[in-house]
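Analysis of the macromolecular model
Residues per chain, in single letters:
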Amino acid sequence: MSGRNVTIILLSVLVLFVVSNSVFVIRETERAVMLQFGEVVNPNIEPGLHWKIPFVNNVRRFDGRVLTVDSQPERFFTQEKKAVIVDSYAKFRVADTAKFYTATNGEETRAMGLLSQRINDGLRNQVAVRTIQEVVSGERDQLMENITNKLNEVALTELGVEVVDVRVKQIDLPPDVSESVYRRMNAEREKEAREHRSQGQELAEGIRAAADREVTVIEANAYRDAELIRGEGDAQATAIYAGAFNEDPEFYSFTRSLRAYREAFQDSGDMLLLRPDSEFFRYLKDPKGGQ
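A quick note: this is a predicted structure, and the numbers were derived from the prediction, not measured.

Here's the deal with the overall build of the protein
A tally of regular secondary structure across the protein gives eight helices and nine strands. Taking all 291 residues of the protein together, the buried fraction comes to 24%. Taking the intrachain contacts of the protein between residues at least 6 apart in sequence as the baseline, contacts between residues at least 24 apart amount to 63%. Within the structure as shown, the protein displays about 20000 Å² of accessible surface, and the carbon and sulfur contribution to it stands at 54%.

Here it is as structure tokens:
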């Protein structure tokens with residue numbers, strides 16, 4: 001091989017090397033900055049094919065998608081000075097590539113660490129002004145919304161990232177606090193149960209008294225109606241008896257005497273002391289009753 005061919009090959013390799021180090025591609029899912037001797041000269045490189053000066057320019061790529069920072073559970077104190085353990089996470093993405101590179105040197109793990117610290121600070125401030133009930137259920141959505149808004153302002157200014165969302169995965173109570181909260185909740189439920197039982201007994205007494213009063217009124221009305229009906233029946237029976245006996249007074253007197261004899265002499269041991277000429281023996285002396 002002649003020296004000319006060797007020179008051509010070497011020049012070709014050199015050109016290929018220079019070209020390969022001069023061309024770079026930025027994907028749609030990436031964000032990038034161009035550096036010149038460590039200084040940012042192009043803070044926002046758009047996706048596509050680009051050129052750079054070999055050995056002079058350097059390109060740093062970052063993930064442009066939404067990333068997740070999962071913070072470790074932290075212990076915070078509520079307004080009542082009760083401890084809660086909050087487990088949270090945040091969604092963020094790079095918004096200002098130059099500031100992101102300057103603040104974190106382009107390292108995602110460092111950005112996540114710094115963002116996690118600021119999430120914990122925001123949670124500490126938000127939990128400190130709320131009670132346990134508000135943190136757990138009452139104002140949980142508002143708490144996360146406030147943290148997201150305030151953290152986004154700080155993260156954009158200091159880290160160059162946009163905080164998309166902050167979410168609280170779980171809120172636990174330490175064992176000592178859980179026991180005290182359980183005792184208090186148990187006492188409150190027992191108090192509420194006693195109040196319900198007392199109200200139920202009071203209501204039952206009222207219903208029972210009303211029922212007894214209604215029973216008394218119904219019985220009185222029924223007795224009154226029965227007496228009226230009985231009186232009317234007795235009056236009607238008396239009228240019937242009177243009408244029947246008036247048709248034959250002597251027969252009525254005779255049957256009444258027979259009833260009296262039967263009742264008087266139904267026991268062999270009965271004894272009556274009467275005058276022989278008493279009216280009681282009228283039909284015994286004369287079956288016709290003196291007619």
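Here we look at the packing of aromatic side chains
Overall, the coordinates contain one aromatic pair when judged by the stated rule. Seen from their ring centres, phenylalanine 62 and phenylalanine 100 are 5.1 Å apart, and the 75° between their planes marks the pair as edge-to-face. Here phenylalanine 100 lies in helix α2 (residues 97-104) and phenylalanine 62 lies in strand β5 (residues 57-63), a separation of 38 residues in the sequence. Residue phenylalanine 62 is classed as buried on the basis of its relative accessible area, which comes to 3%. Taking relative accessible area as the criterion, phenylalanine 100 reaches 1% and is therefore assigned buried.

Thoughts on the nonpolar core
Leu115, Ile119 and Leu123 are the most contacted members of the largest nonpolar core, which totals 32 residues. Elements with a contribution of two residues or more to this core: β2 (30-36), β6 (67-70), β8 (83-94), α2, α3 (108-128), α4 (132-138), α5 (140-158) and β9 (161-172). Shared between two domains, this core takes at least three residues from each, and those domains are domain 1 (3-63) and domain 2 (67-173). Setting aside residues up to four positions removed in sequence, leucine 123 forms contacts with Phe76, Val86, Ser88, Leu143, Ile147 and Val168. Among the nonpolar cores identified, the runner-up in size contains six residues, and Ala32, Met34, Ile45 and Val59 belong to it.

A word on the packing of α3 against α5
With their axes 10 Å apart at the nearest point, α3 and α5 run at an angle of 140° to one another. Between α3 and α5, the crossing angle belongs to the class labelled oblique. α3 and α5 meet at a crossing whose hand is right-handed. Along its contact with α3, which presents Leu115, Arg118, Ile119, Gly122, Leu123, Gln126 and Val127, the element α5 presents Leu143, Asn146, Ile147, Lys150, Leu151, Val154, Ala155 and Glu158.

Some thoughts on the pattern of salt bridges
Scanning the model with the defined rule gives 12 salt bridges in all. For the salt bridge of arginine 61 with glutamate 30, the shortest nitrogen-to-oxygen distance reads 3.6 Å. Taken as a pair, arginine 61 in strand β5 and glutamate 30 in strand β2 lie far apart in primary sequence, 31 residues in all. One salt bridge in this structure joins arginine 124 and aspartate 121, with 3.2 Å as the shortest N-O distance. With arginine 124 and aspartate 121 both in helix α3 and three residues apart, the pair spans about one turn of that helix. Residue classification places aspartate 121 among the partly exposed positions, given a relative accessible area of 39%.

Cut-offs and rules
- The residue numbering used here restarts from 1 in each chain and proceeds along that chain's sequence as written.
- In keeping with the model being predicted, local features are shown solely for residues with a pLDDT of at least 70 and side-chain atom pairs are shown and tallied solely at 80 or more, while totals for entire chains, interfaces and linings include all residues.
- Water and hydrogen atoms were dropped before computing side-chain values, which therefore reflect all heavy atoms in the structure.
- Only DSSP runs of H or I covering at least 4 residues are called helices, and only runs of E covering at least 2 are called strands; the numbering of each starts at the N terminus.
- Partly exposed residues are those whose accessible area sits between 20% and 50% of the maximum for their type, while under 20% is buried and over 50% is exposed, using a 1.4 Å probe and protein chains only.
- Note on contacts: a residue pair is in contact if any heavy atoms of the two residues lie within 4.5 Å.
- Every accessible area reported is derived by Shrake-Rupley at a probe size of 1.4 Å, with residue values counting cover from the shown protein chains alone.
- Working definition: rings of Phe, Tyr and Trp (its six-membered ring) pair if their centres are within 6.5 Å, and the pair is stacked with planes under 30 degrees apart, edge-to-face with planes over 60 apart, and tilted otherwise.
- Note on terminology: a nonpolar core comprises buried Ala, Val, Leu, Ile, Met, Phe, Trp, Tyr and Cys residues joined through side-chain atoms within 4.5 Å.
- What counts as a domain boundary in this text is fixed by an automatic or database domain assignment.
- The convention used is that axes are lines fitted to C-alpha atoms, helices contributing only their stretch in contact, and that angles between N-to-C directions extend from 0 to 180 degrees.
- Under this scheme an angle from 65 to 115 degrees is roughly perpendicular, one under 35 degrees roughly parallel, and one over 145 degrees roughly antiparallel; angles in between are oblique.
- Whether a crossing is left-handed or right-handed is set by the direction in which the near helix is turned from the far one by less than a right angle, anticlockwise for left-handed and clockwise for right-handed.
- For this analysis, a salt bridge means a side-chain nitrogen from Lys or Arg found within 4 Å of a carboxyl oxygen belonging to Asp or Glu.

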